[in-house]
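# Descriptive structure summary
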Amino acid sequence: LHLRYPKKVRQKVQSSSGFRRARKPEGWRDDSETGHRKIIAYCTAHEYDLGKLLMTFQREFHLCPFITDDVLQFRVVTDMSNDSTRYFDQDLQQTNSHQKRPSGELFVFRGGTVVGWDLEQNLWDTILNKLLVSRGIEIGKHREAESEEMDYIDDPNRRTSIDEQVVVLGEETNPSQAKLAISQGLARSAKLGILEEHLEAYLEATKHIPSILSSGKRLPVTRKETMRNIGTIVSLRAHLNLSSEDSFLDTPDFYWTQPQLEEYYEKINRVLDVRPRSAILNKKLDYATYVAEVLRNQLNEWHSSKLEWFIIALIMIETGFEMIHFVERMTER
């Protein structure tokens, strides 16, 4: 089985201080040449504590009205007086329009993913290396983060559309909700990339098992390690199929009454191959589960055989003592 990745960027990002921007894909051109802006999703943890995150982020950004549970939306503004981006901590109505303008939006999902629209790199560095790592916001922090990136343009003369090259934001009655649907698709793709990476690491670590079994050699694993491996597989499958927030097989409840948003969400999932990748991941998990079960059965048989030989040895010892006692009794007569 081979995972088919979409044409856009999907890769790990890591640096000694935290995060860095991933290298650009082949054929990439600077935004100034294309007029495109960036949507970037980073999955950094298994889960965020949104209560702690809200206390930290609302001091730096403008909190937008809540759209749905498990998602926080923030707006970033640019200070035109000194031509620099500052982190906004007051209501937009209290600012002068000629001094400040909106320059980006941020969606934070409880499932450990943050998605930014048109954010500068220095701001991403602050978010990933300072804000998210404070106050215990990240629960189950990943050693390596996964990123997902796409281009977008604003064009009020066109309908909102999504393809493998660019997202077009057209005239919308509620553009924030359209951005939410697209952001959630990117967030889930990045989250899925983390699961793919974990499973690939597991399969790489256990790829020698079939050849050892076929050669008839003793397995170099213990019962404890086998049970830990089974636990890893069960955990991956649960995150993939059963998580109420990050299920990759179901459409979130919020979109059931929003057919237009559901269309955007389903389209971004198709572009990023979320459901095919989920199906392939489940098949790989089936194989990993089979190998783990074979290991457990082999270890159980080896343990049972060991117990049988131990019992045989005890019987032989007992028989030996009885023979000695018999000889002693015969000698005394």
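Scoring rules and cut-offs
- Residues numbered from 1 in each chain as written.
- Predicted model: local features only at pLDDT ≥ 70, side-chain atom pairs only at ≥ 80, totals over all residues.
- Heavy atoms only, no water.
- Axes fitted to C-alpha atoms, helices over the stretch in contact; angles between N-to-C directions.
- Helix = DSSP H or I, 4+ residues; strand = E, 2+ residues; numbered from the N terminus.
- Parallel < 35°, antiparallel > 145°, perpendicular 65-115°, else oblique.
- Left-handed = near helix turned anticlockwise from the far one by under 90°.
- Contact = heavy atoms within 4.5 Å.
- Nonpolar A, V, L, I, M, F, W, Y, C, P; charged D, E, K, R; others polar.
- Core = buried A, V, L, I, M, F, W, Y, C linked by side-chain atoms within 4.5 Å.
- Buried < 20%, exposed > 50% of the residue type's maximum accessible area, 1.4 Å probe, protein only.
- Patch = residues over 30% accessible without salt bridge, like charges linked within 9 Å, V, L, I, M, F, W, Y side chains within 5 Å.
- Areas by Shrake-Rupley, 256 points an atom, 1.4 Å probe, with all protein chains shown as cover.
- Salt bridge = Lys/Arg side-chain N within 4 Å of Asp/Glu carboxyl O.
- Arc of directions from axis to C-beta.
- Polar contact = N/O pair within 3.5 Å; in protein donor to acceptor, adjacent residues only side chain to side chain.
- Phe/Tyr/Trp six-rings, centres within 6.5 Å; stacked < 30°, edge-to-face > 60°.
- pLDDT = per-residue confidence, 0-100.

## Here's the deal with the packing of helix H4 (residues 175-206) against helix H6 (residues 223-241)
Where H4 contacts H6, the axes come no closer than 11 Å and their chain directions differ by 160°. When the axes of H4 and H6 are compared, the pair comes out roughly antiparallel. In the packing of H4 onto H6, the handedness of the crossing is left-handed. Where H4 abuts H6, its residues Leu192, Leu195, His198, Leu199 and Tyr202 lie against Asn229, Ile233, Leu236, His239 and Leu240. Class assignment for the residues of the contact of H4 with H6 results in seven nonpolar, three polar and no charged.

## Points about the nonpolar core
One broad trend across soluble globular proteins is that nonpolar side chains are buried collectively. Formed by 43 residues in total, the largest nonpolar core has its most connected members in Ile39, Val115, Trp117, Val167, Ile182 and Leu199. No other element matches the 13 residues that H4 contributes to this core. For Val167, the contacting residues outside a window of four places in its chain are Ile39, Met150, Asp151, Tyr152, Ile153, Ser161, Ile162 and Ile182. Core analysis: the second largest hydrophobic core is formed by 22 residues, Tyr42, Ala45, Phe74 and Leu132 among them.

## A closer look at the packing of H4 against helix H7 (residues 259-271)
In contact at an axis separation of 8 Å, H4 and H7 are set at 30° when each is read in the N-to-C sense. Taken as axis vectors, H4 and H7 run roughly parallel relative to one another. In the packing of H4 onto H7, the handedness of the crossing is right-handed. Taking contact as the criterion, the partners of Gln177, Ala178, Ala181, Ile182, Gln184, Gly185, Leu186 and Arg188 in H4 are, on H7, Leu261, Tyr264, Tyr265, Ile268 and Asn269. Looking at the contact of H4 with H7 residue by residue, the class counts come to eight nonpolar, four polar and one charged.

## So, the environment of Lys179
You can see Lys179 is positioned in helix H4. The class for Lys179 is buried, based on a relative accessible area of 11%. Remark: the alpha-carbon pair of Lys179 and Leu106, spanning 73 residues in sequence, is separated by 9.9 Å. Discounting chain neighbours no more than four positions away, the residues touching Lys179 are Glu105, Phe107, Trp117 and Leu169.

## Describing a nonpolar patch on the surface
A cluster of nonpolar side chains, Phe310, Ile311, Leu314, Ile315, Ile317, Phe321 and Ile324, forms an exposed patch at the surface whose accessible area comes to about 690 Å². Residue position: Ile317 is located in helix H8 (residues 274-332). The exposure class assigned to Ile317 is partly exposed, which follows from its relative accessible area of 48%.

## Details of helix H2 (residues 50-57)
Owing to its 3.6 residues per turn, the α-helix brings residues three or four apart onto one side. Taken together, the buried positions of H2 are occupied by Leu50, Leu53, Thr56 and Phe57. Viewed along the axis of H2, the buried residues span an arc of 120°, placing them on a single side of the element. Between the side-chain oxygen of the N-cap and the backbone nitrogen of Gly51 there are 3.1 Å, and the N-cap of H2 in question is Asp49.

## Quick look at the pattern of salt bridges
Side chains that differ in charge, positive against negative, can pair when their charged atoms come close. Enumeration over the complete set of coordinates arrives at twelve salt bridges. Measuring nitrogen to oxygen at the nearest pair gives 2.8 Å for the salt bridge that ties Glu266 to Arg275. When its relative accessible area of 16% is taken as the criterion, Glu266 is described as buried. Since its relative accessible area comes to 29%, Arg275 is described here as partly exposed. Three or more residues joined by partner-sharing salt bridges are found here, namely Arg37, Asp118 and Asp154.

## Some points on the environment of Lys141
In this structure, Lys141 sits in strand S8 (residues 138-154). When the C-alpha positions of Lys141 and Gly112 are compared, they lie 8.4 Å apart, and in sequence the two are 29 residues distant. A polar contact of 3.3 Å, which involves the side chain of Lys141, links it to the side chain of Glu138.

## Considering the packing of aromatic side chains
Scanning all chains against the criterion turns up six aromatic pairs. Ring plane angle 45° and centroid distance 5.5 Å describe the contact between Phe57 and Phe74, whose orientation is recorded as tilted. Of this pair, Phe57 sits in helix H2 while Phe74 sits in strand S4 (residues 71-79), and the two are 17 residues apart along the sequence. Here Phe57 and Phe74 have matching classes, each one buried. Ring centres of Tyr255 and Tyr265 lie 5.0 Å apart, and the angle between their planes is 15°; this geometry places the pair in the stacked category. On the criterion of sequence distance, the pair formed by Tyr255 in the loop between H6 and H7 and Tyr265 in helix H7 is long-range, its members being ten residues apart. Summarising the burial analysis for this pair, Tyr255 and Tyr265 share the class buried.

## What about the confidence of the model for the protein chain?
For the protein chain, the mean per-residue pLDDT works out to 76, and 78% of the residues sit at or above 70. Mean pLDDT in the protein chain bottoms out at strand S1 (residues 9-13), which sits at 41, and peaks at strand S7 (residues 113-117), which reaches 93. Counting contacts from residues 1-32, a segment whose pLDDT is below 50, to residues more than four positions away or on other chains yields 76 contacts. Of the regions scoring below 50 in pLDDT, residues 80-101 engages in 45 contacts with residues more than four places distant in sequence or in other chains.

## What about unusual backbone geometry?
Leaving glycine aside, a negative phi is the common case for residues, and trans is the common case for peptide bonds. Positioned with a positive phi, Asp118 is a non-glycine residue whose angle comes to about 60°. Note on placement: Asp118 falls in the loop between S7 and helix H3 (121-131). The phi dihedral of Asp273 falls on the positive side, at around 55°, and the residue is not glycine. Its place among the elements puts Asp273 in the loop between H7 and H8. Here Asp273 falls in the buried class, since its relative accessible area comes to 7%.

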